[in-house]
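Structure at a glance
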Amino acid sequence: MKPDKTSSRPIRAVGLLLILQAIGLVGLIAYGLLQVDWQQVRSDSQQQGLELEIQLDSSQQQQEGEEESGLEAARAIVAAILFLPSIVLAILGALGFLIFSRRGWLLASLAQTLSLGACMELYYDSVWEKPGFVYPVMLYCILMILYLNSSAVRVVFHSRHKPAKTMGQDLEVVRDS
Amino acid sequence: MTAEHVEADAAMTLLRRFEPLMHFTRGERFYPMDVEPYVRSCSLWVQHADEEAVCLVPRGELTSEDLAQQPQDEFGATHFLRFTDPQSFRELYSRRLRRKHVSEKRKEPDNVFRAGRGRLARVGYLSRVVDALYSLALLARGRLPGEASFASSIRYQHIMSEREQYRYHGRVLRQGDWIVLQYWFFYAFNDWRSGFYGANDHEGDWEKILVYLSESETGEVRPEWAAYAAHDYKGDDLRRSWDDPELEKVGEHPIVYVGAGTHASYYSRGEYLTELEIRPPSPIARAVDAIRSLWRKRLHQYSGDGTRSAQNEAPNLFVVPFVDYARGDGAAVGPGQEKEWEPPRLLDSPSSAWVSGYRGLWGFYAQDPFEGEDAPAGPMYNHDKSVRREWYDPVGWAGLDKVPTQTEALRTILKQRSDVVTRCAMLRAEIEQKSDQLKRLGVEVAAMRGQSHLLASYEAKKMQLDELSREVEQLRAQLVTDKTVSESLEGYAAQLQAGEREPTRAHISRALHPVSDDEGRTGRVAEIWAAVSVGLMLIALVWIIMFQRQAIYSALVSSIALFALLEASFRGRLANLVSSVNVGLGMLAALIIAYEFFWQIVALAVLIVGIYVLWDNLRELRR
């Protein structure tokens, strides 16, 4: 059974939005990592053995600068680790949506859960300042949750009919009557 | 429509002709019995507010005549019977008697109850938590002692050993065109909780089924409907047409599948999931309903599988699950069975003065605020001493007051059609008269238009004209509707004349169904999980509080997530869990954004309104 074009439109839209989300998150991670002065961080870590001496000799301003670059690096790495699973799930979910697999919805929803969870962790963690990029990510996730949970999308994925088993028609699209 | 009694002989004949055949579940210990031996085994007590209960008539001296007198009645008094004596519980519950009871049970393995799939595996986690709280609350609430069921069973066996008898109590009355047969069954004890993992136990139990007959012009009676009472259901959903395949019969005897312990009556054999609903306070319930409506209707969010029940019935999280087992695999009582009915006791006979005279309870008064553990009142009264609807209005009780008998149906339809046709003729005449009036008023108004000296009259007449015009329009609409109704009635009458009947189940909106085999099938692991999950959760909670204080929040979140994940996986509801978590996180994120960017959001909203107003006004200019 070929999917109905009208009812498959929101599914393809969600697929594209998920790809957009994955690209955006990769971009944010890349931007965060590129912002870090890695040479400074490396030299700091090399001089860790002489930490005590440095602390005694260097000025207060120098110390603060080094701490800041270290924190920035740590935050960028933590953000990358936190968002990486949701990027993977968003890509898998997008593929699932584009090929109409029943698991697509679950993967896409889990991607939102993990993204929002990561945002909450970064927002509430008191070690560093609240990163500004969490707000647009949160907003995007809220809109995605509303869209994923809308009747137009969920009826397609959670109909009582079992999906067709033939290749490329993994899911039977049932119009809401 | 008032109820009239039927003569005793005729009543007895009708009752015996349509008396039911009752199938019980294995493990049932109490069967329908005559009230006389029960009353003789009871003592009569009265409970006044804030006082100790007083024994009015001791065991062995009580008769049904004493009951009818209801001595020492006053405001706030509650009379009740005691079938078992708490002082003798210990003696009755002695090791020797228990051993004897167990060995007797072993001798009759055909009458041993096995629960099968646990009720807890059929419902959600929160329901199980509420169930645990409900069980704990039993300790604080008034309840029947655990030994009462065993003691009652022994006393009942004693009565049966003196004279084994199975009897129902009958009542026959005419209400409108209907002849109503009421079959009342009295059981010595309801052991749903202690015997079948149910919600409550109580002494004394009154249950009923009703059969509705119509009478032809030749005086021949025909059964048309039956209504089985189960767990306080009422109205249309209670009754089944005599032709409905769900209503099983042997000859003219309807078959009743009796709930184990509850003695509720069912049309089909099976296991019924009944839910004891604990509604939150009304302001909270209203707020939840408003949010749900916004979520579904305004935001077009998914709300189940689109069925009416999923859309309309608000899921209540505070539900305690219980299973009512009406398997019909135990003993059978009724015509042609090993256990036959004795001639019924008529409730309207002069010897049954206790029916109207005794407003008290038919067993121990546990003073349970939910009334589940209190014995019920008699067939005529509710727990609060008001008269039961099924007693004074048995036709309305089953929603039959709007349904004519088959004999009367055609006559009623034709009479109604004739009324509608007459109404149409009257409407037509009225429309004609008012249309003429309208035309005359119209020319009068047209003639006055533009005449400055007639302004006041013109305005008054114009108003009158508008009003009359509206009235004529309404009359015409009414006429069209009436014409359509008349045609429908004509079609309906033709259908009946051609022998067509209404669909037998068209009146049912919420039928009770036993749990299907698919629903009942589950893995052993899931069942074990359902049984241990609440306890494990509490143990985990204590462990976290005692040993994980440093990382208490993350430990709590992780353990809740783990339990939720396991639960959702076992119940195949992972999608629902993810969806719920997402909604929760989304709401939190929305609050954070609103908190962080409050003024920016306000400014943006004003900006959007400004742009919209600008665009709207400019668009008007371009036209």
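Since we're looking at a predicted model, the values are computed, not measured. (Residues numbered from 1 in each chain as written. Chains lettered and ligands numbered in written order. Predicted model: local features only at pLDDT ≥ 70, side-chain atom pairs only at ≥ 80, totals over all residues.)

1. A look at the overall build of chain B
This is how the line gets drawn: A run of H or I in DSSP counts as a helix once it spans at least four residues, and a run of E counts as a strand once it spans at least two, with each numbered from the N terminus. Two residues form a contact once the distance between their C-beta atoms, set from the backbone, is within 7 Å.
Assigned secondary structure in chain B consists of 20 helices and 17 strands. Residue pairs in contact within chain B that sit at least 24 positions apart in sequence constitute 73% of those at least 6 positions apart.

2. A short note on the pairing of strand β7 (residues 178-191) of chain B
Residues and elements named next belong to chain B. Here is the rule we go by: Using C-beta atoms placed from the backbone, we call a residue buried if 20 or more other C-beta atoms fall within 10 Å of its own, exposed if 12 or fewer do, and partly exposed for counts in between. Whether two strands pair comes down to DSSP finding at least two bridges between them.
Burial analysis of β7 places 14 of its 14 residues in the buried class, which makes it a mostly covered element. As defined by bridge partners, strand β6 (residues 169-175) adjoins β7 across seven bridges and the pair is classed as antiparallel. The residue of β7 that forms the bridge with R171 is Q182. Here β6 folds back onto β7, and the loop between the two strands holds two residues, one of which, G176, carries a positive phi near 65°. Inspection of the sheet shows β7 paired to strand β8 (residues 201-215) by 13 bridges, in the antiparallel sense. When the bridges of β8 are listed, F186 appears paired with W206.

3. Re the interface of chain B and chain A
Basically, it comes down to this: Three classes are used, and their members are as follows: Ala, Val, Leu, Ile, Met, Phe, Trp, Tyr, Cys and Pro are nonpolar, Asp, Glu, Lys and Arg are charged, and the others, Gly among them, are polar.
At the junction of the two partners, chain B supplies 20 residues and chain A supplies 24 residues. A breakdown of the residues in the side of chain B that touches chain A according to their chemical character gives twelve nonpolar, six polar and two charged.

4. Considering the packing of helix α18 (residues 552-571) of chain B against helix α19 (residues 574-596) of chain B
Residue and element names in this part refer to chain B. Rules: The angle between two axes is taken between their N-to-C directions and runs from 0 to 180 degrees, where each axis is a line fitted to C-alpha atoms and a helix contributes only its stretch in contact.
Running from amino to carboxyl end, α18 crosses α19 at an angle of 140°, the nearest separation of the two axes being 7 Å. Between α18, through A564, A568 and S569, and α19, the contact on the second element is made entirely by L574, N576 and L577. Split by residue class, the contact of α18 with α19 holds four nonpolar, two polar and no charged.

5. Things to note about the pairing of strand β4 (residues 54-57) of chain B
Residue and element names in this part refer to chain B. Note that strand β3 (residues 43-47) and β4 share three bridges and pair antiparallel. When the bridges of β4 are listed, W45 appears paired with C55. In this structure, the hairpin formed by β3 and β4 is closed by a connection of six residues, where D50 is found at a positive phi of approximately 55°.

6. Remarks on the sheet that holds β4(B)
All names here are of chain B. Pairing is antiparallel in the open sheet, where three strands are placed in the order β4-β3-β5. Only two strands of the sheet have a single partner each, and these edge strands are β4 and β5 (78-82). In this sheet, adjacent strand axes meet at a mean angle of 35° when their direction is disregarded.

7. Things to note about helix α14 (residues 406-448) of chain B
Under the convention used in this document: Helix span, expected: 1.5 Å multiplied by one less than the number of residues in the helix.
In this model, α14(B) (43 residues) spans 62 Å end to end at C-alpha, consistent with the 63 Å of a helix rising 1.5 Å per residue. Looking one or two residues past α14(B), B:G450 carries a phi angle of roughly 85°, positive in sign.

8. Thoughts on the confidence of the model for chain A
Low pLDDT marks regions whose predicted coordinates should not be analysed in detail. All names here are of chain A. Keep this limit in mind: Confidence per residue, as judged by the predictor, is encoded in pLDDT with a range of 0 to 100.
Confidence along chain A averages 75 in pLDDT terms, with 68% of residues attaining 70 or more. Ranking the elements of chain A by mean pLDDT puts helix α3 (residues 51-57) last with 50 and helix α6 (residues 134-148) first with 92. The low-confidence segment residues 160-177 (pLDDT under 50) makes 32 contacts with residues lying over four places distant or belonging to another chain.

9. Some words on the nonpolar core
As a reminder of what qualifies: Joining buried Ala, Val, Leu, Ile, Met, Phe, Trp, Tyr and Cys residues through C-beta atoms within 7 Å gives a set, and that set is a nonpolar core.
In this structure, B:L181, B:L210, B:A226, B:Y228 and B:Y266 are the most contacted members of the largest nonpolar core, which totals 88 residues. The element contributing the most residues to this core is β7(B), with eleven residues. The next biggest cluster of nonpolar side chains, apart from the first, holds 40 residues, and it includes A:A73, A:A90, A:L107 and A:M144.

10. Some thoughts on α6(A)
Residues and elements named next belong to chain A. To keep things clear, this is the line we draw: Our arc is simply the arc of the directions from the helix axis toward the C-beta atoms.
Here α6 is 15 residues long and its end C-alpha atoms lie 20 Å apart, about the 21 Å a rise of 1.5 Å per residue gives. Of the positions making up α6, those classed as buried are V134, V137, M138, C141, I142, M144, I145 and L148. Along α6, the residues classed as buried sweep out an arc of 165° about the axis, all on the same side.

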